[in-house]
Amino acid sequence: MRTLSVQACIVGGGPAGMMAGLLLARAGVSVAVLEKHQDFLRDFRGDTIHPSTLAVLDELGLGDAFLTLPHRKIETLTGVIAGNSFRIADLRHLPTKHRFIALIPQWDFLDFLAKAGRRYARFRLLMQAEAVDLIESDGRIVGVRARTPEGETAINADLVIAADGRHSLMRDRSGLEGEAFGAPMDVLWFRLSRRDSDGEGGGGWFGRGHLLVTIDRGDYWQCAFVVPKGSDAAIRAEGLAAFRKGVAALAPFLADRVDEIQDFDTVKLLTVVVDRLKRWHRPGLLCIGDAAHAMSPIGGVGINIAIQDAVAAANLLAVPLREGRVTEHDLARVQARRLPAAKRTQAVQRFMQDRFIARVLDKSAEPLEPPLALRLINRIPLLQRLPARIFGLGFQPEHVELPAA
Ligand SMILES: Cc1cc2nc3c(=O)[nH]c(=O)nc-3n(C[C@H](O)[C@H](O)[C@H](O)COP(=O)(O)OP(=O)(O)OC[C@H]3O[C@@H](n4cnc5c(N)ncnc54)[C@H](O)[C@@H]3O)c2cc1C
């Protein structure tokens, strides 16, 4: 079996893993990031780069270059309930340089991080490298076994960072215990073409039993049709005509093109999970990002919280890793730093899921009325700054503290 030795082996080349790899290599730690796919091209993933992440890119001197990539800007978030438009958040007053969400395909963001990482001699990205197990010795994780194009490979490491997403195999293999909080919804993703005459058009469209979120991707709308949990099979059984009708009823401006949905194969199911590990670490292993806490899609914060975890982990672990003395106490400090933000964000998301989304999805409930909180936020512009702050910057924004080695 081929063997590699690094100081940090990061499993997963998503936002958390790529950012952690870049930051650690920049700080002089030898890093291998393993990504099981051969590229980053995955559709229907998070595309929202929030001001907190743009600030991190600025701190790395990468912000301006990043914003030369084609992107769309979202400065305000709007919902439409029973034909009436409500402004939910206004990011234009955030105390940051970038007061908008940059909508950019996730693969462009990850390619950008990969390119930035390759500038550092100690950064190594192994594509098509799938971690299949942890290597343990005397109760400590000392590496991973991976399938790679060069054959089975053992990657020995002082620390394994599991950043392999919401279905993390490394987390499962570690025996770390989690708790799941449940969610009333699942999401069906699909695309419809976008026309210049659509204008802004992006936002949330609420109706009885369903909710549609339209995300501007330039020449098409990425559409998230939110449905009651477990109803995917029934919706497919009802047929395409009923599905198209449901979409057109929510967002009438799409009625002239719902026929573009020719086949349910182009409609992808995201099973929404909200969960969190009780303990994010074991000797030699740390979980971050979705592997430590899968977020609800509400607010589109998943990427940004994952990035914040990576920044905190690099800030706290680069020096002990470089000096070959990373302890469980160091890993516990990362959890202590990031857990409150993950907990609070999930609490806000669960409140919105249970109090509002569940009501929208319940066909038998009273006719849909905008909740009082929403009406107040819409009426008083100052209040629109609070959701913008919670979702745009997060509860615990992290900053890059280490200089490049
Ligand atoms: C359909 C969908 C839409 C979403 N929309 C948004 C949004 O609009 N905004 C937002 O902020 N968030 C959104 N999210 C959530 C967001 O994508 C995640 O929260 C975020 O990507 C988490 O980052 P991560 O790096 O922790 O994990 P992931 O992005 O899941 O990355 C994990 C990586 O690990 C790789 N991997 C997995 N197992 C292995 C293995 N054994 N070996 C090697 N590699 C492995 C995977 O291929 C993947 O690249 C969405 C999620 C989904 C599924």
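Residues numbered from 1 in each chain as written. Predicted model: local features only at pLDDT ≥ 70, side-chain atom pairs only at ≥ 80, totals over all residues. Heavy atoms only, no water.

- An unreviewed UniProt entry lists the protein chain under the name Monooxygenase, from Methylobacterium gnaphalii.

### As for the packing of aromatic side chains
- In total, this model carries eight aromatic pairs according to the counting rule given.
- Centre to centre, the rings of phenylalanine 66 and phenylalanine 109 are 5.6 Å apart; their planes meet at 75°, and the pair counts as edge-to-face. Residue phenylalanine 66 is found in helix H3 (residues 63-66), and its partner phenylalanine 109 is found in helix H4 (residues 106-117); the two are separated by 43 residues along the sequence. Of the two residues, phenylalanine 66 and phenylalanine 109, both sit in the buried class. (Phe/Tyr/Trp six-rings, centres within 6.5 Å; stacked < 30°, edge-to-face > 60°. Helix = DSSP H or I, 4+ residues; strand = E, 2+ residues; numbered from the N terminus. Buried < 20%, exposed > 50% of the residue type's maximum accessible area, 1.4 Å probe, protein only.)

### Topic: the pairing of strand S13 (residues 185-193)
- Of all nine residues making up S13, seven are buried, and the element is well covered by its neighbours.
- Where S13 and strand S16 (residues 220-228) come together, nine bridges link them in antiparallel fashion. For methionine 185, the partnering residue across the bridge sits in S16 and is proline 228.
- Pairing geometry for S13 and strand S17 (residues 268-270), over three bridges, is antiparallel. By the bridge assignment, valine 187 is partnered in S17 with leucine 270. (Pairing = 2+ DSSP bridges.)

### Regarding the sheet that holds strand S3 (residues 48-49)
- Taken together, three strands build an open sheet; the order of strands is S3-S7-S4 and the sheet is antiparallel. The outermost strands of the open sheet, each flanked by one partner alone, are S3 and strand S4 (72-74).
- As paired strands, S4 and strand S7 (residues 101-103) are joined by three bridges and run antiparallel to one another. Looking across to S7, one finds that arginine 72 is bridged to leucine 103.

### Here's the deal with the pattern of salt bridges
- One pass over the full model with this rule turns up 25 salt bridges.
- For aspartate 90, the salt bridge goes to arginine 92, with nearest N and O atoms at 3.0 Å.
- The partner of arginine 236 in a salt bridge is aspartate 232, and the shortest N-O contact between them spans 2.7 Å. Linking arginine 236 with aspartate 232, this pair stays in helix H6 (residues 232-238), spanning four residues, or about one helical turn.
- Through salt bridges with shared partners, a single ionic network connects Asp133, Arg145, Glu152 and Arg173. (Salt bridge = Lys/Arg side-chain N within 4 Å of Asp/Glu carboxyl O.)

### Section: the nonpolar core
- Met19, Leu24, Phe109 and Val144 are the most contacted members of the largest nonpolar core, which has 84 residues in total.
- Per-element tally for this core: the top contributor is helix H8 (residues 302-322), with eleven residues.
- The contacts of valine 144, once residues within four sequence positions are left out, are Cys9, Val11, Leu34, Ala131, Asp133, Leu134, Ile135, Thr153, Ala154, Ile155, Val160 and Met170. (Core = buried A, V, L, I, M, F, W, Y, C linked by side-chain atoms within 4.5 Å. Contact = heavy atoms within 4.5 Å.)

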